Amino acid sequence: MIRRASLVLVGALMGATAMGVVYSAVVPAVAANTSTYRELAIFGDVFERVRAQYVTPPQDDKLIENAINGMLSSLDPHSSYMNSTDAEDMRTQTRGEFGGLGIEVTMEDDLVKVTSPIDDTPAARAGVLAGDFISKIDGQDVRGLKLEDAVEKMRGAVGTPIKLTILRKGADKPIELSIVRDVIAVRAVKFRTEGDVGYLRVISFTEKTYDDLKKGIEKIKSEVPADKLKGYVLDLRLNPGGLLDQAINVSDAFLERGEVVSTRGRNPDETRRFNATPGDLTDGKPVVVLVNGGSASASEIVAGALQDLKRATVLGTRSFGKGSVQTIIPLGEAGALRLTTALYYTPSGKSIQGTGITPDIKVEQPLPPELLGKVEAQGESDLRGHIQGQSETDEGSGSVAYVPPETKDDLQLNYALDLLRGKKSDPAFPASPEQAELKK
């Protein structure tokens, strides 16, 4: 079932969580006309004048990098230049593993707070506990650092040591720990059983996503007998996207046949179609897919495929609406060009660019009082300079992206569980693949 088809990036523009794969291409040159060369000469003149006359001496590399980014950002919000550091971060996120300690952290009272140590990692083995506060990293005070800077300091080459100073409730003095970094594998899929229902939350689409999903399904099937298992909830909320091949493979895990997605570039001969192969890992059990305004790109490919092929019922609110594909092209000095090269289309031939996935069953998730007025709906259609979708309207795309931390407060998840258990009914559930209009 699993294929290696992706040479592209389909993650949304949502911070450091967007991921990609390196693609090397030889592109035929297109001859520039005379006016283009005149404009380039003007650019060279401006560059030299800035270098020579600006009030403070600028850095040449920064000037060039900013000029490149200016050109790319004028195209669309997802095309950009990545310097060597950015490109390495992207590759790390794509692999789904890095050299580090193995802790999930947040910032509280200007200190790094450990929300959870990951099992069987250096931090867990050294005795780091949930609720610990990290006050110093290698002797440097954490106060004044941004969270991302503190995280970057804790990451590093496998086998290198790091010293943490920890403040723990009940301890009469700071705790000093020396920890050796190791390979930390980030789980792309979290799973559990909700009684007689299997719950699969796809966090992002990295190189590990399909394998993690398969393990999750196998674990759920081992815990709940087939005659007792009511079905699966596939949670794609707050999923910013990632690798195209992983989106195809995750879709294929639930399908027996049909086109999963197609990508269409600048030229008609660049159209590529990806089809499902026989072998439904869930044995045809009913599936409910959860989406919200934080479901983007690769997660929209999965939701769109399972919806169009009527393999799953999509529940929640309108998704982000990113229907474009980015190719990662290596450049000199280990930098890379992230360039939008295609749009993708669901099995019915629909582009979700600027519109998003409309759920079969709309279920709004209310915000808690402390977030009212602080969280707004946002989608691709709100991004300045986004590519206008062929079906885009004034309604736009996206919705509020919020998921409660406690299951009891999660209206969307509980609605899905009630559907699967027969406590609620809806014409859209269960989905029937036999009713799908497949492309010939």
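Calculation rules
- Residues numbered from 1 in each chain as written.
- Predicted model: local features only at pLDDT ≥ 70, side-chain atom pairs only at ≥ 80, totals over all residues.
- Heavy atoms only, no water.
- pLDDT = per-residue confidence, 0-100.
- Contact = heavy atoms within 4.5 Å.
- Pairing = 2+ DSSP bridges.
- Helix = DSSP H or I, 4+ residues; strand = E, 2+ residues; numbered from the N terminus.
- Axes fitted to C-alpha atoms, helices over the stretch in contact; angles between N-to-C directions.
- Patch = residues over 30% accessible without salt bridge, like charges linked within 9 Å, V, L, I, M, F, W, Y side chains within 5 Å.
- Areas by Shrake-Rupley, 256 points an atom, 1.4 Å probe, with all protein chains shown as cover.
- Salt bridge = Lys/Arg side-chain N within 4 Å of Asp/Glu carboxyl O.
- Lys, Arg positive; Asp, Glu negative; His and termini not counted.
- Charge placed at Lys NZ, Arg CZ, Asp CG, Glu CD.
- Core = buried A, V, L, I, M, F, W, Y, C linked by side-chain atoms within 4.5 Å.
- Buried < 20%, exposed > 50% of the residue type's maximum accessible area, 1.4 Å probe, protein only.

Caption draft 1: Just the confidence of the model for the chain, in detail. When the pLDDT values of the chain are averaged, the result is 89; 92% of them are 70 or greater. Below pLDDT 50 for its whole length, residues 1-7 participates in 31 contacts with residues either more than four positions away or in separate chains. In the predicted structure, residues 12-26 sits below a pLDDT of 50 and forms 51 contacts with residues beyond four places in sequence or in another chain.

Caption draft 2: Local environment of the sheet that holds strand 20 (residues 361-362). Reading across the sheet, the six strands line up as 11-12-13-16-17-20 and stay open at both edges, with mixed pairing between neighbours. Of all the strands in the sheet, the pair left with one neighbour each is strand 11 (189-194) and strand 20. In this structure, strand 11 lies alongside strand 12 (residues 197-202), joined through six bridges in antiparallel fashion. Counted as the bridge partner of Val-189 is Val-202 from strand 12. Each of strand 13 (231-235), strand 16 (287-291) and strand 17 (313-316) is contacted by helix 8 (residues 298-308), which is oriented at about 140° to strand 16, the strand it contacts most. Contacts from helix 9 (residues 411-420) reach strand 11, strand 12, strand 13, strand 16, strand 17 and strand 20, with the element oriented near 160° to strand 13.

Caption draft 3: How the structure looks around a negative patch on the surface. A surface patch of like charges, here negative, comprises Asp-86, Asp-89, Glu-148, Asp-149 and Glu-152. Those elements that provide at least two residues to the negative patch are helix 3 (84-95) and helix 5 (147-154). Looking at the secondary structure, you find Asp-149 in helix 5.

Caption draft 4: Here's a closer look at the nonpolar core. Judged by nonpolar contacts, the single largest core of 43 residues is most densely connected at Leu-213, Leu-234, Leu-236, Phe-254 and Val-289. When contributions to this core are tallied by element, the ones reaching two or more residues are strand 12, helix 6 (209-223), strand 13, helix 7 (244-252), strand 14 (259-264), strand 16, helix 8 and strand 19 (336-345). For this core, the element with the highest residue contribution is helix 8, accounting for six residues. Those residues in contact with Leu-236, other than ones at most four positions away along the chain, are Val-202, Phe-205, Val-289, Leu-290, Val-291, Ser-295, Ser-299, Val-302 and Ala-303. Counting 17 residues, the second largest nonpolar core, distinct from the first, contains Leu-101, Ile-137, Val-142 and Met-154.

Caption draft 5: Structural view of the pattern of salt bridges. The tally for this structure, following the rule as stated, stands at 22 salt bridges. The salt bridge involving Lys-113 is made with Glu-108; its shortest N-O contact spans 3.4 Å. Taking relative accessible area as the criterion, Lys-113 reaches 23% and is therefore assigned partly exposed. For Arg-421, the salt bridge identified is with Asp-196, shortest N-O distance 2.8 Å. Pair noted here: Arg-421 is in the segment after helix 9 and Asp-196 is in the loop between strand 11 and strand 12, with a separation of 225 residues, a long-range link. Overlapping salt bridges, with partners in common, bring together Glu-48, Arg-51 and Asp-60 in one network.

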